[in-house]
Structure formats: structure tokens, C-alpha cells
2 protein chains.
Amino acid sequence: MSFWKSLFNGQSSSASAVTAPPPPLNGNGQEGVIETKVFFSTNKEIDVYELEELCDAVGWSRRPIRKVKKAIEHSFIVVSMWEQRGQYRRLIGFSRATSDHAFNATIWDVVVHPDYQGQGWGKSLMRQIIKELRSEDISNITLFADPHVVNFYRNLGFRPDPEGIKGMFWYPNSR
Amino acid sequence: MSFWKSLFNGQSSSASAVTAPPPPLNGNGQEGVIETKVFFSTNKEIDVYELEELCDAVGWSRRPIRKVKKAIEHSFIVVSMWEQRGQYRRLIGFSRATSDHAFNATIWDVVVHPDYQGQGWGKSLMRQIIKELRSEDISNITLFADPHVVNFYRNLGFRPDPEGIKGMFWYPNSR
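Thresholds applied
- Residues numbered from 1 in each chain as written.
- Chains lettered and ligands numbered in written order.
- Predicted model: local features only at pLDDT ≥ 70, side-chain atom pairs only at ≥ 80, totals over all residues.
- Heavy atoms only, no water.
- pLDDT = per-residue confidence, 0-100.
- Contact = heavy atoms within 4.5 Å.
- Axes fitted to C-alpha atoms, helices over the stretch in contact; angles between N-to-C directions.
- Helix = DSSP H or I, 4+ residues; strand = E, 2+ residues; numbered from the N terminus.
- Parallel < 35°, antiparallel > 145°, perpendicular 65-115°, else oblique.
- Nonpolar A, V, L, I, M, F, W, Y, C, P; charged D, E, K, R; others polar.
- Salt bridge = Lys/Arg side-chain N within 4 Å of Asp/Glu carboxyl O.
- Buried < 20%, exposed > 50% of the residue type's maximum accessible area, 1.4 Å probe, protein only.
- Arc of directions from axis to C-beta.
- Least-squares fit on C-alpha atoms with pLDDT ≥ 70 in both.
- Phe/Tyr/Trp six-rings, centres within 6.5 Å; stacked < 30°, edge-to-face > 60°.
- Lys NZ or Arg CZ within 6 Å of the ring centre and 35° of its normal.
- Buried area = accessible area lost by both parts, 1.4 Å probe.
- Polar contact = N/O pair within 3.5 Å; in protein donor to acceptor, adjacent residues only side chain to side chain.

Enquirer: Even after reading the chapter, I still don't get the confidence of the model for chain A, so can you show me in this structure?
Expert: In low-pLDDT regions, the fine details of the predicted coordinates are not to be read closely. Residue and element names in this part refer to chain A. Per-residue confidence for chain A averages 86 on the pLDDT scale, and 81% of its residues sit at or above 70. Considering only residues more than four positions removed or in separate chains, one finds that residues 1–16, a stretch of pLDDT under 50, has 33 contacts. Low pLDDT (under 50) marks residues 21–25, which in the prediction has eight contacts with non-local residues, meaning those over four places away or in another chain. As a predicted assembly, this complex carries a pTM of 0.83 together with an ipTM value of 0.83.

Now the structure itself:
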């Protein structure tokens, strides 16, 4: 836990970098070791086509690029997660939060590339966005979790329906 | 239902006005009939001290005025509800929503003065903020409902935990 803890309690910065183990050698084992890093960025100037590729990889429905751009622009915090191997940089995770910049934030669009799932990178991404929100003095951090990720968020300190508070969605046709 | 329906389906405007029955005559019954209207406004230039009085009336905890101002400023939509009797104007309801301006909105701080509860004004206020959000092409309207108001929101077309989606809150001390 010490890695996550240090990441979480670290100084607020727009990017944190950690060095991951080098990739396994392939073929005849003659390659040199390529340094591999995973880092986070809060830069909103993200390539939305690269983001779309990431969302495609997890099977999300396509959304109009224009609206995705607008949503990112008007999100309070955007945290993207990148893997860098030598000169090559790849978007491997993304999350963003809407907020009133004072009390509340709601986290949306948490996505981790399937190649990086199950290895703690999702937790790392979430801890990073929580850290960013806390550094902005946001005390009420919320989200809406699909059933299969409720336990993932629970392990990060999120509680479902605390004191009976219910997340609700408006359906125009159900009125 | 025709009144609510017309309010809800009406053209998008920053304020809607309806005429309520005149107030009951008091004392010796000599007063003239004072016209009473309830209207809505999306103006963010709201007197936060008046808002604080309204929140006090329903027993909410006090919040720092500076943060309340900031939250209103960074809300996507603010809808206030006012009663006007002759020259006298009174804030009787309030709601606001955060949003990414593209896909999602979350409604916060829905409050109706106790004198006006149980008469349909809360529903009217909610229909107004939903109308404003829909007019901005927001398709995913969400909120977090305290247990005693889940049915109030259900009657407005909100569904708790649709497809098992859970509203979750982060608690720093539960980690």
C-alpha cells in the first residue's frame, strides 16, 4: 500500500510519474531495456480521437466528438493516465469530474485500457483524481457506479447510499 | 396536471410567471386584493444572504458565504423561485445544477420554504430546472436524494439505482 499512499498524499502537481518494471524481453532477448513510466496529467488539451480509441477499447458507445470536447472543456478536473516507453506515449486511462468549484464534485467517464486493468492502475487513477479534488478543497466527492464496479469504488473509500441517500436518474419517458 | 404540463413544455425562458390565488384577508377585511405571483429566474446574481435565510428556514447547516457564492457562480444552471405580492418579492425556492455542459448534470441544493411546501411548488421548481437543462441538450440529469424525498423525485420521473447503478460518496475516514 505504500506506493498508493505516497501517490495519494504526495504534493499537488499536474503530473506524477512512477517507474514501472521494464517490459519483458521478447524474441532473442537482444533488445536493450526500455524505460517504462506511467504518469498522470491534468491537461485538458487531450487528443479526443485518442480518447475515443481508449473508449472503443472498453466497448463504450461512440459519442459526438464535438460534445466530448465541450464536456472536457467544462469539466472541473480532467486526469489522464499515460504510459511512456522510450519516446512512445500511450493514453491508458482517463477520468474527469464536474463540480461547483466549492462543495461538490461528481466523477464521470472513468476508463482504463483493458491491457492495464487488474493491475492497480484504475485505483491509481482514482486516487489521483481524488487528490486533485481534495487539493481544490472539494469535500463532497460523488459518482454513479455500474453494479460490477461498486466494490472497486468501495475499496477506494466510496460508500453506496450513505444514510439512505439514493442516486437517481431522470428518464423523460417514465413520467 | 395541465398547469405543470404547460409549464414543463413551455418555451425556454429565463422566467415563468403564474398567478396564485390572492392571500386570505386578515383583520377587518378592509384590504384590497393584492396580486400574488410566483415566478422563476435563472439569474445567478442572487442575494446569498436571502438564500441563507431560506436555507435556515428548512434547518440546513450554515455554509461559508464565500463558498456559496463560488458554487453559484460555477453552477451550470441556477433556478430560483420567487413570490411577488405587490411590490414585495420573496425568495421561496432554489435549486442549481453542476454540469459538463454536454452530457451530464447533477442537481443540488433543492430547497422550498416551509410555508410553500406541500402545495406543488417543489414540483414546479424541479420541472423548471429540468426544462432548463433539457433546453441545453443535457440528456443525463441526475441527483442524490435523501430517503424522505425519494418518492418526491420518483413522481417527477427520476429513477433510483437504474440498472443497478449506485450513487456513491467518498468518505476520507473510511479508507
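Okay, back to it.
Enquirer: Help me out: how do you make sense of the packing of helix H2 (residues 48–57) of chain A against helix H3 (residues 65–73) of chain A in this one?
Expert: Any two packed helices are characterised by the angle at which their axes cross and by the distance between the axes. Residues and elements named next belong to chain A. It is the contact of H2 with H3, at a shortest axis distance of 10 Å, that shows an interaxial angle of 105 degrees. Classified by the angle their axes make, H2 and H3 are roughly perpendicular. Only Ile65, Val68, Lys69 and Ile72 of H3 make contact with H2, whose side of the interface consists of Val48, Tyr49, Leu51 and Glu52. Considering only residue class, the contact of H2 with H3 consists of six nonpolar, no polar and two charged.

Enquirer: Explanation requested: unusual backbone geometry in the structure shown.
Expert: The phi torsion of most residues other than glycine is negative, and most of the peptide bonds are trans. Not every positive phi belongs to a glycine, and Asp109 of chain A is a case in point at roughly 55 degrees. Here Asp109 of chain A lies in strand E5 (residues 104–112).

Enquirer: Could you clarify how one ought to interpret the pattern of salt bridges in this entry?
Expert: Working definition: two side chains of opposite charge can pair if their charged atoms are close together. Residue and element names in this part refer to chain B. Inspection of the entire model under this criterion finds 20 salt bridges over all chains. Salt-bridge contacts for Glu52 lead to Arg62; the nearest nitrogen and oxygen are separated by 3.3 Å. Separated by ten residues along the polypeptide, Glu52 in helix H2 (residues 48–57) and Arg62 in the loop between H2 and helix H3 (65–73) bring together distant segments of the chain. Across the pair Asp109 and Arg63 runs a salt bridge, and its minimum N-O distance is 3.1 Å. Of this pair, Asp109 sits in strand E5 (residues 104–112) while Arg63 is found in the loop between H2 and H3, placing the two residues 46 residues apart along the sequence. By relative accessible area, Asp109 is classed as buried at 15%.

Enquirer: Teacher, can you tell me more about H2 of chain A here?
Expert: Owing to its 3.6 residues per turn, the α-helix brings residues three or four apart onto one side. Residue and element names in this part refer to chain A. Inspection of H2 places Val48, Leu51, Glu52, Leu54 and Cys55 among the buried residues, and these make up the whole buried set. Burial along H2 is one-sided: seen end-on, the buried residues are contained in an arc of 160 degrees. Counted as exposed and oriented over 90 degrees from the buried face of H2: Tyr49 and Glu53. Considering only its buried residues, H2 is in contact with H3, strand E4 (88–99) and E5.

Enquirer: Mind showing me how you'd approach the relation of the copies chain B and chain A here?
Expert: The second copy of the chain is related to the first by a rotation about an axis and a shift along the axis. Placing chain B over chain A gives an RMSD of 0.1 Å and needs a rotation angle of 180 degrees, together with 0.0 Å of translation along the axis. Both copies are brought into coincidence by an operation consistent with a two-fold rotation axis. The position closest to the rotation axis in chain B is occupied by the C-alpha of Gly167 of chain B, lying 2.0 Å away. Taken together, the interface assignments show that 100% of the residues at the interface of chain B recur at the interface of chain A, consistent with an identical surface on both copies.

Enquirer: What should I look at first to understand the packing of aromatic side chains in this one?
Expert: In this description, a pair of aromatic rings is defined by centroid distance and the angle of the planes. What the rule picks out here adds up to nine aromatic pairs over all chains. Each residue in the set Trp108, Phe144 and Phe169 of chain A together with Trp108, Phe144 and Phe169 of chain B is aromatic and connected to the rest through ring pairs, giving one cluster. Across from the ring centre of Phe103 of chain B, 4.8 Å away, lies the NZ or CZ of Arg63 of chain A, which sits over that ring.

Enquirer: Please explain the interface of chain B and chain A as it appears in this structure.
Expert: Quite often, the size of an interface is put as the accessible area lost when its parts meet. Taken together, the contact between chain B and chain A spans 52 residues of the former and 52 residues of the latter. Approximately 5100 Å² of surface area, both sides summed, lies buried where chain B meets chain A, with 59% of it carried by carbon and sulfur atoms. On the chain B side of the contact with chain A, Phe103, Met168 and Trp170 of chain B bury the most area, a combined 17% of that side's loss. Inspection of the chain B/chain A interface yields six salt bridges. In this structure, the salt-bridge partner of Arg96 of chain A is Asp100 of chain B, at a minimum N-O distance of 2.9 Å. Summed over the shared surface of chain B and chain A, the number is 26 residue pairs in polar contact (both at pLDDT 80 or more). Those elements that place two or more of their residues in the side of chain B that touches chain A are H3, strand E4 (88–99), E5, helix H4 (121–135), strand E6 (140–145), helix H5 (150–154), strand E7 (158–160) and strand E8 (166–170) of chain B. Ranked by the residues each element gives to the side of chain B that touches chain A, the list is headed by E6 of chain B, at six residues. Classifying every residue of the side of chain B that touches chain A by side-chain character gives 24 nonpolar, 13 polar and 15 charged.

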